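Listed here are the chains, written in short residue letters.
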Amino acid sequence: MIHSISFAYLKLLIAVFMFMPPAQHGDVLTIGFSQVGSESDWRTAFTESILAEAQQRGIQLLFSDAENNQENQIAAIRSFIAQQVDAIILAPVIETGWDQVLGEAQAAGIPVVIIDRNVTAPQSLYLTRVASDFVHEGRLAAAWLAQATAGKCNIVELEGTVGSSAARDRQIGFNQVIALFSEMRIIVSQPAEFIRENGRKVMEGILNSENPDEICAVWSHNDDMAIGAIQAIKDAGLDPGDDILIVSVDAIPDIFLAMMEGDANATVELNPNMGAAAFDAISAYFQGQSIPKWIPVTGGVYFPDTAAEEYEKRRR
Ligand code: AHR
């Protein structure tokens, strides 16, 4: 009898420990952050905001820039695990290939917050994801273009990083909406990795291979590539924002400057200030609270009429 009671008690203790969040190492939280890179102004603003938020909260943030390379991110996560950080924040460059390393973090008892782009790994391998709805962003961009062109437009698409959920989902959302209009179509779609200079080069090539008179708009998965495309359009002697409409995503200061010049028409905002929500989720986890698997980040759509005002608010 004594034996069976002790055994039941032991089982209860094991169950309690299994479902208890691990204790923090000390008063100061140490969090490893694996960032994609610095491919765009939006990414730089995101990095700056998360570093500032960590500093303000007294969090020790171990920052690792992956230079757009998943292998670097996997190595960084393994290093964070070896250093026994309290938590990890991962901004993944691409969607696939995370199951193994996320499993390693989980086995080490380290919660992982996915931030911004998505992963295909099972949700049970991470604590939560702080992110916007990229599909919705694509839909908003297309809805504006459909209204601006009365549903008739030949579109050039500049794609973000191939394999990233930001590029894939924005494409899905945009295409869902233009499919509703029989005279809206993508005439050419090419990747430019979310990089401004790549946007310029890719657009230059497209203007040489297509008849520019037949291009009604550029739909760019981010503002930086749009700004590159604007340069290429000007270099070709055309008037961006007028001869060729420009719609993109991010709402960085430079796109508002372009709007003030009459060179860009609409941008869908991606708020770069996601650090606070990620840190809040980690704190809540350590307090034993339950966390939803998705913490949404929202943003508006902006046009030239408020560009000067938005530029002043966002300039750094
Ligand atoms: O993942 C979000 C995207 O990544 C941003 O829209 C783009 O600017 C960045 O590089």
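Note that this is a predicted model, so its numbers are computed, not measured. (Residues numbered from 1 in each chain as written. Predicted model: local features only at pLDDT ≥ 70, side-chain atom pairs only at ≥ 80, totals over all residues. Heavy atoms only, no water.)

**Overview of the pairing of strand 6 (residues 152–159)**
Turning to step 1, where the next piece is worked out: Burial within strand 6 is extensive, with seven of its eight residues counted as buried.
Turning to step 2, where the next piece is worked out: The β-α-β motif built from strand 6, the intervening helix 6 (residues 165–178) and the parallel element strand 7 (residues 183–191) has right-handed crossover chirality.
Turning to step 3, where the next piece is worked out: Where strand 6 meets strand 8 (residues 217–220), four bridges bridge the pair, whose relative direction is parallel. The residue bridging isoleucine 155 from the neighbouring strand is alanine 217, located in strand 8. (Buried < 20%, exposed > 50% of the residue type's maximum accessible area, 1.4 Å probe, protein only. Helix = DSSP H or I, 4+ residues; strand = E, 2+ residues; numbered from the N terminus. Right-handed = clockwise from strand over helix to strand, strands pointing away. Pairing = 2+ DSSP bridges.)

**Things to note about the state of the cysteines**
Turning to step 1, where the next piece is worked out: Within this structure, the stated rule accounts for one disulfide.
Turning to step 2, where the next piece is worked out: The partner cysteine of cysteine 153 in its disulfide is cysteine 216, sulfur to sulfur 2.1 Å. Torsion about the S-S bond of the cysteine 153 and cysteine 216 cystine: about -100°, corresponding to left-handed handedness. Placement of cysteine 153 in strand 6 and of cysteine 216 in the loop between helix 7 (196–209) and strand 8 is noted, with a sequence separation of 63 residues between them. For the pair cysteine 153 and cysteine 216, one class covers both residues: buried. (Disulfide = S-S within 2.5 Å.)

**Structural notes on the confidence of the model for the protein**
Turning to step 1, where the next piece is worked out: When pLDDT is averaged along the protein, the result is 93, and 92% of the positions lie at 70 or above.
Turning to step 2, where the next piece is worked out: When the criterion is pLDDT under 50, residues 1–24 qualifies, and its contacts beyond four places in sequence or with other chains add up to eight contacts. (pLDDT = per-residue confidence, 0-100. Contact = heavy atoms within 4.5 Å.)

**Points about the sheet that holds strand 6**
Turning to step 1, where the next piece is worked out: Sheet architecture is open: six strands sit in the order 7-6-8-9-10-12, paired in mixed fashion. Of all the strands in the sheet, the pair left with one neighbour each is strand 7 and strand 12 (301–302).
Turning to step 2, where the next piece is worked out: Bridge analysis of strand 10 (residues 266–269) against strand 12 gives two bridges, and the strand direction is antiparallel. Within strand 12, the residue paired with threonine 267 across the bridge is tyrosine 302.

**Topic: a negative patch on the surface**
Turning to step 1, where the next piece is worked out: A surface patch of like charges, here negative, comprises Asp213, Glu214, Asp239, Asp242 and Asp243.
Turning to step 2, where the next piece is worked out: Relative to the assigned elements, aspartate 242 resides in the loop between helix 8 (223–235) and strand 9 (245–250).
Turning to step 3, where the next piece is worked out: Given the relative accessible area of 53%, aspartate 242 is considered exposed. (Patch = residues over 30% accessible without salt bridge, like charges linked within 9 Å, V, L, I, M, F, W, Y side chains within 5 Å. Areas by Shrake-Rupley, 256 points an atom, 1.4 Å probe, with all protein chains shown as cover. Salt bridge = Lys/Arg side-chain N within 4 Å of Asp/Glu carboxyl O. Lys, Arg positive; Asp, Glu negative; His and termini not counted. Charge placed at Lys NZ, Arg CZ, Asp CG, Glu CD.)

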